[in-house]
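Now for the letters of each chain:
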Amino acid sequence: MIYFIGAGPGAADLITVRGKELLEKADLIIYAGSLVNPALLQYAKPGCKIMNSAVMTLEEVIAAMVPAAQRGELVVRLHTGDPSVYGAHREQMDMLNSYNLDYEIVPGVSSFCAAAAALKAEYTLPDVSQSVIITRMEGRTGVPPKQKIVDYAKHHATMVIFLSAGMLEKLQKELMAGGYKADEPAAIVYKASWPDQRVFRCTVGTIAETAAKNNIHNLALITVGGFLGSAYERSELYNPTFETGFRKADASKLQVKPETKETE
Ligand code: SAH
């Protein structure tokens, strides 16, 4: 069996229990060496073969997996974060299909979740944003029409921008061309959940400058939006005036506002 496993965002204890148990049993682990924390490889059993996919092509990865799986070995393909987000595991699965080999996917904690944790933030605040746009700047991998930063910026929803730390001047220009003002809140999260995690709160107009000043050129997420500000509405779900299938409404229990709330 072949398992595509989400390694989580970095910290070795942020892999799922299922993922860790499979790593412990694996006969072959192919890990994405550019981003997966090598500390995770300590879970491998003695004698497990370990390969770094950062120096391999898709064809070489498949050529390593197939004979091992055909011999009945347990193969783990370890991707950073969750494989479904810029993981390039679809093409691997499609190639494995042609060998009639079975595989399963074990999800992981994506770095965009670890970034929210680092920021102590909620992406989906009532009255601020009820959507999260996960996107990237166009790089060597193109971006289809209508899916550019400038298009998404128009929505003013929470944005989490991957794979773009090397082009931040361009990113902030595109955000502003889409309607963001220079003083709207943004944040850079470098190596979320790793021991050397760093968080920089800035504004849309100072993203590039903040990154340059702090020597951030990769391994970072850029987040943008009002969720980084202080104004929002409290949730209806936990509002005493709101009845749910699980509890009755009781307006007498309503406190005016959470302490952190500021109205504009
Ligand atoms: N599948 C991964 C993303 C892989 S794309 C996931 O779910 O997180 C690689 C990009 O993800 C990096 O360029 C960076 O933008 C981001 N990234 C991955 N891990 C990160 C981390 N711990 N902190 C900040 N950004 C991270």
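Please refer to the structure higher up on the page.
About the thresholds
Residues numbered from 1 in each chain as written. Predicted model: local features only at pLDDT ≥ 70, side-chain atom pairs only at ≥ 80, totals over all residues. Heavy atoms only, no water. Core = buried A, V, L, I, M, F, W, Y, C linked by side-chain atoms within 4.5 Å. Buried < 20%, exposed > 50% of the residue type's maximum accessible area, 1.4 Å probe, protein only. Helix = DSSP H or I, 4+ residues; strand = E, 2+ residues; numbered from the N terminus. Contact = heavy atoms within 4.5 Å. Salt bridge = Lys/Arg side-chain N within 4 Å of Asp/Glu carboxyl O. Phe/Tyr/Trp six-rings, centres within 6.5 Å; stacked < 30°, edge-to-face > 60°. Lys NZ or Arg CZ within 6 Å of the ring centre and 35° of its normal. Pairing = 2+ DSSP bridges. Axes fitted to C-alpha atoms, helices over the stretch in contact; angles between N-to-C directions. Near = heavy atom within 4 Å. Polar contact = N/O pair within 3.5 Å; in protein donor to acceptor, adjacent residues only side chain to side chain.

A. Up close: the nonpolar core. Formed by 25 residues in total, the largest nonpolar core has its most connected members in Leu175, Ile188 and Val224. Contributions of two or more residues to this core are made by α5 (149-153), β7 (158-162), α6 (168-177), β8 (185-190), β9 (198-203), α7 (207-213) and β10 (220-224). The contacts of Val224, once residues within four sequence positions are left out, are Ala157, Thr158, Met159, Ile161, Leu175, Tyr180, Pro185, Ala186 and Val204.

B. Fine view of the pattern of salt bridges. Taken as a whole and assessed by the stated rule, the structure comprises 9 salt bridges. Two residues, Glu243 and Lys248, come together in a salt bridge whose shortest N-O distance is 3.6 Å.

C. Highlighting the packing of aromatic side chains. Following the criterion strictly, the structure yields 4 aromatic pairs and no others. Ring geometry for Tyr86 against Phe162: centres 5.3 Å apart, planes inclined by 50 degrees, an arrangement best described as tilted. In this pair, Tyr86 is assigned in the loop between β4 (75-79) and α3 (90-98) and Phe162 in strand β7, connecting sequence segments 76 residues apart. Ring plane angle 70 degrees and centroid distance 5.1 Å describe the contact between Tyr123 and Phe227, whose orientation is recorded as edge-to-face. Of this pair, Tyr123 sits in the loop between α4 (111-119) and β6 (132-136) while Phe227 is found in the segment after β10, placing the two residues 104 residues apart along the sequence. We note that Tyr123, like Phe227, is buried. An aromatic cluster is built from Phe112, Tyr123 and Phe227, whose rings are joined through pairwise contacts. Positioned above the aromatic ring of Tyr43, the side-chain terminus of Lys20 is 5.1 Å from the ring centre. The ring of Trp194 carries Lys191 above its face, with NZ or CZ at 4.2 Å from the centroid.

D. Region of the structure containing the sheet that holds β4. Across the sheet, which stays open at both edges, the 5 strands sit in the order β3-β2-β4-β1-β5 with parallel pairing between neighbours. Of all strands in the sheet, those bounded by a partner on one side alone are β3 (49-52) and β5 (103-106). The average angle at which neighbouring strand axes cross in this sheet is 20 degrees, direction not considered. Sheet topology note: the strand β1 (residues 2-6)/β4 ladder contains 5 bridges and is parallel. Bridge pairing links Gly6 to His79 in β4.

E. Region of the structure containing the pairing of strand β2 (residues 28-31). With burial as the criterion, each face of β2 is covered, one bearing Leu28 and Ile30 and the other bearing Ile29 and Tyr31. Both β2 and β3 contribute to a ladder of 4 bridges, which runs parallel. In the sheet register, Ile29 faces β3, and the bridge partner there is Ile50. Pairing of β2 with β4 involves 4 bridges; the strand directions are parallel. Bridge assignment links Ile29 to a residue of β4, and that residue is Val76.

F. Region of the structure containing the site of the ligand. As a structural note, the neighbourhood of the ligand is formed by 18 residues, with Val85, Ser110, Ser111, Ala192 and Ala220 the closest of them. Take Pro9: an N or O atom from its main chain is 2.8 Å from a nitrogen atom of the ligand. One nitrogen or oxygen atom from the main chain of Leu163 is found 3.0 Å from an oxygen atom belonging to the ligand.

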